[in-house]
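Remarks on the overall topology
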Amino acid sequence: MDVGSISTKGVIIDKQNNILASGYIWTQGDPIGAVKKLVALLEKQFDKEQYKVVATGTTGSARKLVGVIVGATMVKNEITAHAVGTTTFYPEVRTILEIGGQDSKIILVENGVAVDYAMNTLCAAGTGAFLSSQAKRLGIEVEDIGDYALKSKHPTQIAARCTVFAESDLVHKIQMGHPREDIIAGVCNAVAANYMNNVGKGKKIASPVVFQGGVSKNKGVVAAFEKLLGCEVIVDPNGHLMGALGAAILARRSSKRQEFDFAMEDMEFYTREASCGRCPNNCEIICVFRDGKLIDSWGNRCERGEVKR
């Protein structure tokens, strides 16, 4: 499972990494509720008579929380999960571009091993959330952005420095009467340019290049990257699931085994933030409770912040 701020993804794979079940839903600010919906979705597709799930991996911004809830045997960061997933299916890959709902990352690979990476979590101008908000402003579905962009003959120049500048410039161009398809193509170009000027700054981009994450489904952004990089950009049909695939592959490779029970008990989970205060670090500790009982916590940077269960 790959649980992010915008979307929650999940896959079930067999020993040969074939996908037996998959799901992609919106997190909607409720990772616990999203995971419960995701598990139900996966269960409907899964043949319990032929298979059983013997290991579970989690990644994404809510990986620790979800890992505790589902009893994950493997919890890994997004960089590792995406790198493992991509190199499994594209062993020759040299550069991985990934753009999600609220953040983006780049991973450089040599001989199948991630050797460098960078993440952008401050400016949203190059993310799915930015594209979604601009689509709404223009009165179109975000899924249709790519088709509109490819119709453009003269893409509008949109400032790509940050979200505020980009939105202000976009409104100005709308008021000037620029055609909708040209503005949308300009937005796609701005996303690619912002990514390269921030996340990809100073990085040596080598081919083959694989583009993944939800934004990789946008044909307009793919075209913008190909023009900017001067090479083919590969988009896997399951690129939006690559983090979950990587987590599943890592769980399969691990020796830890614990059969997963789809019938998640109807328990009440909630989290609470506690300030340690036992040293100058003053760590913010995340505590997870199940039916009122503390089951896990994290965030402390020294042993004084350990929460006694």
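Here is what the cut-offs are and how they apply
Residues numbered from 1 in each chain as written. Predicted model: local features only at pLDDT ≥ 70, side-chain atom pairs only at ≥ 80, totals over all residues. Heavy atoms only, no water. Helix = DSSP H or I, 4+ residues; strand = E, 2+ residues; numbered from the N terminus. Rg over C-alpha atoms; globule rule 2.2 N^0.38 Å. Buried < 20%, exposed > 50% of the residue type's maximum accessible area, 1.4 Å probe, protein only. Contact = heavy atoms within 4.5 Å. Areas by Shrake-Rupley, 256 points an atom, 1.4 Å probe, with all protein chains shown as cover. Lys, Arg positive; Asp, Glu negative; His and termini not counted. Charge placed at Lys NZ, Arg CZ, Asp CG, Glu CD. Salt bridge = Lys/Arg side-chain N within 4 Å of Asp/Glu carboxyl O. Pairing = 2+ DSSP bridges. Axes fitted to C-alpha atoms, helices over the stretch in contact; angles between N-to-C directions. Disulfide = S-S within 2.5 Å. Expected span 1.5 Å × (residues − 1). Parallel < 35°, antiparallel > 145°, perpendicular 65-115°, else oblique. Left-handed = near helix turned anticlockwise from the far one by under 90°. Nonpolar A, V, L, I, M, F, W, Y, C, P; charged D, E, K, R; others polar.

With that out of the way, let us pick up the overall build of the protein. When helices and strands are tallied, the protein shows nine helices and 13 strands. Its C-alpha radius of gyration of 21 Å places the protein within 12% of the 19 Å reference for a compact globule of 309 residues. For the protein, the spread of C-alpha atoms along the principal axes amounts to about 60 × 50 × 35 Å. In the protein, buried positions account for 48% of the 309 residues. Look at the contacts in the protein between residues 6 or more apart in sequence, and 60% of them connect residues 24 or more apart. Accessible area of the protein: about 15800 Å², with a carbon and sulfur share of 48%. In the protein, which carries 37 positive and 34 negative side-chain charges, the distance between the mean positions of the two groups comes to 4 Å.

On to the pattern of salt bridges, then. Applying the stated criterion across every chain yields a total of eight salt bridges. A salt bridge links lysine 48 to glutamate 43; the nearest nitrogen and oxygen atoms lie 2.4 Å apart. On the basis of relative accessibility, which here comes to 43%, the residue lysine 48 falls in the partly exposed class. A salt bridge links lysine 219 to aspartate 147; the shortest N-O distance between them is 2.6 Å. With a gap of 72 residues between them, lysine 219 in helix α8 (residues 219–229) and aspartate 147 in helix α5 (residues 145–150) connect regions that are remote in the sequence. Aspartate 147 gets classed as partly exposed once you look at its relative accessible area, which sits at 38%.

Omega for the bond connecting serine 207 with proline 208 falls within 30 degrees of zero, at 5°, which places this linkage in the cis form. Topologically, proline 208 is positioned in the loop between α7 (180–198) and β9 (209–212). For asparagine 17, which is not glycine, the phi torsion reads 65° and is therefore positive. Locating asparagine 17 in the fold gives a position in the loop between β2 (7–13) and β3 (19–26). The backbone of asparagine 111 sits at a positive phi, close to 55°, despite the residue not being glycine. Position of asparagine 111 among the secondary structure elements: in the loop between β7 (104–110) and β8 (113–120).

Time to look at the sheet that holds strand β1 (residues 2–3). Hydrogen bonds between backbone groups are what pair the strands of a sheet, and the pairing can be parallel or antiparallel. If you trace the three strands from one edge of the open sheet to the other, you get β1-β2-β3, paired in antiparallel fashion. At either margin of the open sheet sits one strand with a lone partner, and together these are β1 and β3. Where β2 and β3 come together, seven bridges link them in antiparallel fashion. Residue pairing in the sheet places isoleucine 13 in a bridge with isoleucine 19 of β3. Helix α1 (residues 31–45) contacts β1, β2 and β3 of the sheet and is inclined by roughly 150° relative to β3.

For the structure shown, the criterion picks out zero disulfides. For the unlinked cysteine cysteine 276, the closest cysteine sulfur is that of cysteine 279, found at 5.9 Å. Residue cysteine 276 is classed as buried on the basis of its relative accessible area, which comes to 16%. Look at cysteine 279 and you get buried, because its relative accessible area is 14%.

Taking 1.5 Å as the rise per residue, helix α9 (residues 242–253) with 12 residues should run 16 Å; its terminal C-alpha atoms sit 16 Å apart, in good agreement. Where burial is concerned, most of α9 is hidden: 10 out of the 12 residues are buried. Residues Met242, Gly243, Ala244, Leu245, Gly246, Ala247, Ala248, Ile249, Leu250 and Ala251 constitute the buried set of α9.

What describes two packed helices is the angle between their axes and the distance between those same axes. As a packed pair, α1 and helix α2 (residues 63–70) sit with axes 10 Å apart at the nearest point and diverge in direction by 50°. The orientation of α1 relative to α2 falls into the category oblique. Crossing geometry of α1 relative to α2 is assigned as right-handed. Residue-level contacts link Pro31, Ile32 and Val35 of α1 to Leu65, Val66, Ile69 and Val70 of α2. Split into classes, the residues belonging to the contact of α1 with α2 amount to seven nonpolar, no polar and no charged.

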